[in-house]
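Topology and contacts: notes
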Amino acid sequence: MNTMQGGAVRVRIDMPMVIDPIVADDIEKESVFVSPKLERIRVSEDGRSAVLEIRDGLYTQEVVGKAHRFVAAMAKQRTGFDIETFAANVRTDDGPFQSGVNGEFVRRGWVHDYGKGQVAYKGPVLRLARLVDEIAGGLYERHFDAVDGHFPGFIDADVLHRCGYFDSHPNQASFVGNVMEDFDAIEEFRVANSCSEGAILPRGEHLHHDGMCMNPAACFPAYPTLQGKRLDDPGFALSWLGRVFRYESRNASGLDRLYEFNVREIVFVGTEDYVADRRRRALPLIVDLARAFDLEMEVQTATDPFFATVSASKKFFQAAQEVKNEILIPVLDGKGGTKKMACGSVNLHGRFFGERFDITANDGEPAHTGCIGLGIERWVLAAFTQHGFDPVRWPEGVREKIFD
């Protein structure tokens, strides 16, 4: 192999230690953020080596260096923590899982995939998405007196900084820009696009970033609205349908992993006891939601996919403190088997946001917070995977509302 010439090349590297299969999956998924010249890292089955799929051999040395640093950081992750199941539902539909759901959505004209992690949808997909949100929102309102609200899709970068997002997930942040307020720069941009066949983007030096980002976590915009407040009661709940944006690079795929998606969110704010009690009471409601759609589902111990250089320490903290659970619904993995797809999460934040935004509980201590986010599009994908496209297999109350 001549790595000094252009063209795609494959380079094998040794791992710093034998890699656990769970960590290997994380390495392969997160490897899209190593270099734009790297297509993917493929870890061997024995976990002892990996193949780098490099797009251009001229950059082999540079890519290999980055890959070694990335793998060394990811390999520090600890696994083997006890996985506890906090809630579960068993479906009654004994039919097989439906394969090729994303493709069938497109074929039927129910989904238009723009190809960059964005989709448009209508028909049964839209009606099911609305129904999932409606039932979840209704459960939150009845059981927690949750106040329904609305928050913007843009969020100030300073808020994300205070929320710790740039330290944990810098690879998934999306910044909003505009052509700088300069007559010549704007005219140059206009002229370039007046007769071009495709869009001509502004030169980098003509782009202005005013500190706004696309919101990457549904709960974040709620906390600035509580800045400096002291609560009169033990706590309260807010709920809304939020628009969320997380850059996924080449991992974007159908409804499985979107750049732009919808989340039914509920946030609890109050004393430590209030938030812990609401989390405990919320778990049966997640079961109720899964039962309404007759879905196999489990709520289990989990951790977030942090950026490589902080992944080991932050995952260890989350696992040790048991502050994150995922709502896992089985779907097909594209290889003939099944996988558990995270269709939401249950999170305890402790006093983090209370301290960062000066929110005081009625006991005089910084407020505790917790949240539950339900990824609407993933619930839709999971439901069609488990029940297929024959309305007869769906729960009666659901099929009457989503199928023509």
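Shown above is the structure to which this text applies.
Now for a look at the structure at hand. (Residues numbered from 1 in each chain as written. Predicted model: local features only at pLDDT ≥ 70, side-chain atom pairs only at ≥ 80, totals over all residues. Heavy atoms only, no water.)

**Topic: the sheet that holds strand β10 (residues 207-214)**
Applicable threshold: Strands qualify as paired when DSSP identifies two bridges or more between them. Every helix listed is a DSSP run of H or I at least four residues long, and every strand listed is a run of E at least two residues long, numbered separately from the N terminus. A fitted line through C-alpha atoms represents every axis, and for helices the fit uses only the stretch in contact; the resulting angles, taken between N-to-C directions, go from 0 to 180 degrees.
Spatially, 3 strands are ordered β8-β10-β9 in an open sheet, and the strand pairing comes out antiparallel. The sheet is open, and its two borders are formed by β8 (154-156) and β9 (175-179), each paired with just one other strand. On average, each strand axis in the sheet is inclined to that of its neighbour by 55°, with strand direction left out of account. Across 3 bridges, β8 lies against β10 in antiparallel orientation. Each residue of the ladder has a partner; that of Asp156, found in β10, is Met212.

**Section: the layout of surface pockets**
Defined as follows: Only protein atoms enter the calculation, which uses a 1 Å grid: trapped sets of points that fit a 1.4 Å probe without letting it out are cavities, open sets showing protein on both sides within 12 Å along at least five of seven lines are pockets, and any residue with an atom within 4 Å of a point is a lining residue. Grid points are joined across faces, edges and corners, and a volume is the space filled by probe spheres set on the points. Residue polarity follows a fixed list, in which Ala, Val, Leu, Ile, Met, Phe, Trp, Tyr, Cys and Pro are nonpolar, Asp, Glu, Lys and Arg are charged, and the others, Gly among them, are polar.
Of the volumes computed, that of the second largest pocket is approximately 170 Å³. For the lining of the second largest pocket, the elements supplying multiple residues, two or more each, are α2 (60-74) and α9 (308-321). For the lining of the second largest pocket, the element with the highest residue contribution is α2, accounting for 4 residues. Of the residues that constitute the lining of the second largest pocket, the class distribution is 6 nonpolar, 1 polar and 3 charged.

**Brief notes about the pattern of salt bridges**
Let me state the cut-off plainly: When a carboxyl oxygen of Asp or Glu lies within 4 Å of a side-chain nitrogen of Lys or Arg, that pair is called a salt bridge. Residue burial is assigned from relative accessible area. The probe radius is 1.4 Å, only protein chains are included, and a residue is buried under 20% of its type maximum, exposed over 50%, and partly exposed in between.
Counted under the stated rule, the structure contains 27 salt bridges. One salt bridge in this structure joins Glu39 and Arg55, with 2.8 Å as the shortest N-O distance. In this pair, Glu39 is assigned in strand β2 (residues 38-43) and Arg55 in the loop between β3 (49-54) and α2, connecting sequence segments 16 residues apart. The exposure class assigned to Glu39 is partly exposed, which follows from its relative accessible area of 29%. Linked through salt bridges whose partners overlap, the residues forming this network are Asp277, Arg278, Arg280 and Arg281.

**Focus on helix α8 (residues 272-292)**
Defined as follows: Residue count minus one, scaled by 1.5 Å, sets the expected span of a helix.
With 21 residues, α8 ought to run about 30 Å at 1.5 Å a step, and its terminal C-alpha atoms sit 31 Å apart, in line with that. Among the residues of α8, Tyr274, Val275, Arg278, Arg279, Ala282, Leu283, Leu285, Ile286, Val287, Leu289 and Ala290 are the ones counted as buried. Just downstream of α8 lies Asp294, where phi reads positive at about 55°.

**Considerations on the packing of helix α4 (residues 123-144) against α8**
Quick reminder of the rule: With the far helix as reference, a near helix turned anticlockwise by less than a right angle produces a left-handed crossing, and one turned clockwise produces a right-handed crossing. Residues count as neighbours in contact if any of their non-hydrogen atoms are within 4.5 Å of one another.
Where α4 contacts α8, the axes come no closer than 10 Å and their chain directions differ by 145°. Relative to α8, α4 is oriented so that their crossing is right-handed. Residues Val132, Ile135, Ala136, Leu139, His143 and Phe144 of α4 form the contact with α8, whose participating residues are Arg278, Arg281, Ala282, Leu285, Asp288, Leu289 and Ala292. Across the contact of α4 with α8, the residue classes break down as 9 nonpolar, 1 polar and 3 charged.

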